[in-house]
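Analysis of the macromolecular model
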Amino acid sequence: MVKKGLKFALLTLLAYLLQATTARHIAIASVAPNLAMAMVAVVTVAMGRKYTFFMALIIGYLLEVMLPVLDYISLILYPACAMLGALAFSDKSERKLEEERSLGKRGGNLPAHARTVLCALLSMFVFEFVNLFYISLSGIAIDGDQLQRATISILYTTALAGILQFPLRWWLGTYRLKKAR
Amino acid sequence: MRLKEPKAERPRNRNSGTRTVWKRIFITLAALVVLGLAGSHLFGLITGNPALGVPEDMVASVLTPVQSGFSSIVDSVVNYLYKLKLRANLELAYNELKQQNEQLVYQAMLADELSYKLSVYEELYDEISVNESMNPLVATVIGHDSGNYFSVFTINKGTNDGVQDFMAVTMEGALVGYTYDVTATKASVRTIIDSEASIAALISSTRDQGTVRGTLGVDGTPMCRMYYLPDDHLPRPGDTVVTSGVVMSFPKGIPIGTVRESTRGMESNKSYIVVEPVADFRHIEYVIVLRYQPLAEAVAGQTSSSDSLTFTPLETSKPIPTIQIGSDFYQLAPTPEPTATPTAPPLDGSVLLDSATPLAQQTPVPGADTQSYEYQVPSSMATGNSYGFTLAPTATPTPSPPPLDISVEED
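The present account deals with the structure reproduced in this document.

Cut-off values and rules
Residues numbered from 1 in each chain as written. Chains lettered and ligands numbered in written order. Predicted model: local features only at pLDDT ≥ 70, side-chain atom pairs only at ≥ 80, totals over all residues. Helix = DSSP H or I, 4+ residues; strand = E, 2+ residues; numbered from the N terminus. Buried ≥ 20, exposed ≤ 12 C-beta atoms within 10 Å, placed from the backbone. Contact = placed C-beta atoms within 7 Å. Core = buried A, V, L, I, M, F, W, Y, C linked by C-beta atoms within 7 Å. Pairing = 2+ DSSP bridges. Nonpolar A, V, L, I, M, F, W, Y, C, P; charged D, E, K, R; others polar. Expected span 1.5 Å × (residues − 1).

Helix and strand content of chain A: seven helices and zero strands. Ordered by position from N to C terminus, the α and β elements of chain A give α-α-α-α-α-α-α. Taking all 181 residues of chain A together, the buried fraction comes to 39%. Counted over contacts in chain A with a minimum sequence separation of 6, partners at least 24 positions apart contribute 72%.

Here we take up the nonpolar core. Core analysis: the largest hydrophobic core is formed by 50 residues, its most contacted members being A:M39, A:V40 and A:I59. Those elements giving two or more residues to this core turn out to be helix 1 (2-22), helix 2 (35-47), helix 3 (49-66), helix 4 (73-89), helix 6 (112-137) and helix 7 (144-172) of chain A. Once you skip the residues sitting within four places of it in the chain, A:V40 turns out to touch A:A15, A:T52, A:M55, A:A56 and A:A82. In terms of nonpolar packing, the next biggest core, distinct from the first, is built from 47 residues, B:I155, B:Y178, B:V189 and B:I192 among them.

To continue, consider helix 5 (residues 94-102) of chain A. With zero of nine residues buried, helix 5 of chain A lies mostly on the surface of the structure. Positive phi shows up at A:G104, right after helix 5 of chain A, with a value of about 85 degrees.

Let's shift gears to unusual backbone geometry. If you check the backbone angles, A:S30 has positive phi at about 65 degrees while not being a glycine. By the element assignment, A:S30 lies in the loop between helix 1 and helix 2.

Residue and element names in this part refer to chain B. Where strand 1 (residues 136-144) lies against strand 12 (residues 286-290), five bridges are found, and the strand directions are antiparallel. Looking across to strand 12, one finds that T140 is bridged to Y286. As defined by bridge partners, strand 1 adjoins strand 2 (residues 152-155) across three bridges and the pair is classed as antiparallel. When the sheet's bridge partners are listed, H144 is paired in strand 2 with F153.

Often, the extent of an interface is quoted as the loss of accessible area on bringing the components together. Listed as interface residues are 17 residues of chain A and, on the opposing side, 17 residues of chain B. Counting residues per element, the ones that place at least two in the side of chain A that touches chain B are helix 1 and helix 3 of chain A. Counting residues per element, the side of chain A that touches chain B draws most heavily on helix 3 of chain A, at eight residues. Split by residue class, the side of chain A that touches chain B holds 12 nonpolar, three polar and two charged.

An α-helix turns once every 3.6 residues. As a result, residues three or four positions apart point the same way. Between the first and last C-alpha of helix 4 of chain A there are 24 Å, a value that for 17 residues agrees with the 24 Å anticipated at 1.5 Å per step. Among all positions of helix 4 of chain A, only A:S74, A:L75, A:L77, A:Y78, A:P79, A:C81, A:A82, A:G85, A:A86 and A:F89 are buried.

Turning to the pairing of strand 9 (residues 240-243) of chain B, a few remarks are in order. Here three bridges tie strand 6 (residues 198-203) of chain B to strand 9 of chain B, and the two strands are oriented antiparallel to one another. Bridge pairing links B:I203 to B:V241 in strand 9 of chain B.

Okay, here's the thing in structure tokens:
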């Protein structure tokens, strides 16, 4: 438990540091990926909703404190987007699975690696949508260039989540868990 | 064999329950701390209370050195990767530039070679155009004799191109040698510095005739010697030696060289003068073969036209004696016998005109014959700009040396 907590703390700190220092160096077409959101998506599938929420909250708080771009935006947006992805793609609870089975549905989860990518895609879609909406509310017209940049950011972050999930899940010990019967 | 006790039925450790409680308390506190920090930040932004910014300052003071260290590590890694990329790009650019430089150097060398060939061809064209009547032919040297005693090279023209034995070969307006051993596709050229070569020549200033031979096999120097000169004239250094046009079917007037030493009169054991060739025998690449053949018709035409060249003396107050030298050219008209009674003048004026005044068209006019059979040195080459020599003027007369005492005592 303590080991897991330490790993979680280190992963959260690493996600923040990578987002604050490294993301700009790996930009494609001047569009930097959201490394923190990609790692949150990995944690969402690997560790669950509670860890997702706290990780997104800490990252949002640290970004809000250390890189204050706009008031409230990071502190609110990161947990909100992460929890939206977690609601859709985190492991379903036993209760939920039993409920689906009782309704005659084929209960179960999608493959974890696919859910990680889809979670990152959904989270980043919401994140970029809110950002564009915020910009449009401030009086700036949204044009094709901004939509293109948002699309690149979503796809780039999703691809990074798909790549990073393998080392992160291995480090978190997810691959060593026994399959649930 | 004793079966392992099921895990669920094993007695629970008392400490594990206490530990779980503490863990939950710890997790709850951590969550509360995080939520409290976030809440204090939100309320601080809303209310603007500076006291709520204290936790932010504490977090920032803790996080700043960590972030600085991490950022420096990331920057170092990025700089290293950037340098690697830059080095790879520089290496790539260097290789491309090196390749381009090699291509440019090759093109420059090719351009220089083509420029040199163009200048050579221009000079050849000038030489050919002024000696068109000599039926010139440009040939390329395809082989050199590497011996120390003979100077022979091979050209890529033969009987298929009209080349025959003993045709004059020139280069840059000067005689190089003559052809021999001609086959269908190639011919050998013996240069004038070869000791086997023997060419009839004359000194342009005094018109003294002699024979030029090479000295390469005699003393190893690329020079010529001129033999059989008259004894009563001493050529001066700088006098031009040209072909005389006799013996071989050479055109007349091809420059051979210039007189370098003329010590024949001072040293009685020397029966020759040293002639320095005009042609540069170390840099022979292209030559011109003068396929000159004195046509019988042309010679006959000249002879027939010269029939009218009858020397007619002008009227003088003194009687001119009749001189018979033996040559028809110099034979003077016979003196008419004096008559006692002068003949009456003819009535027809044309008869008088025919008999007393030579016809204008019968008088040979220099240059009237457009086809010259004497070698013409191209004007650009005669200036000495391209050959490095200048035809020395020989207008200044010099006293002839005292004739040798060749009297023979009579018994």
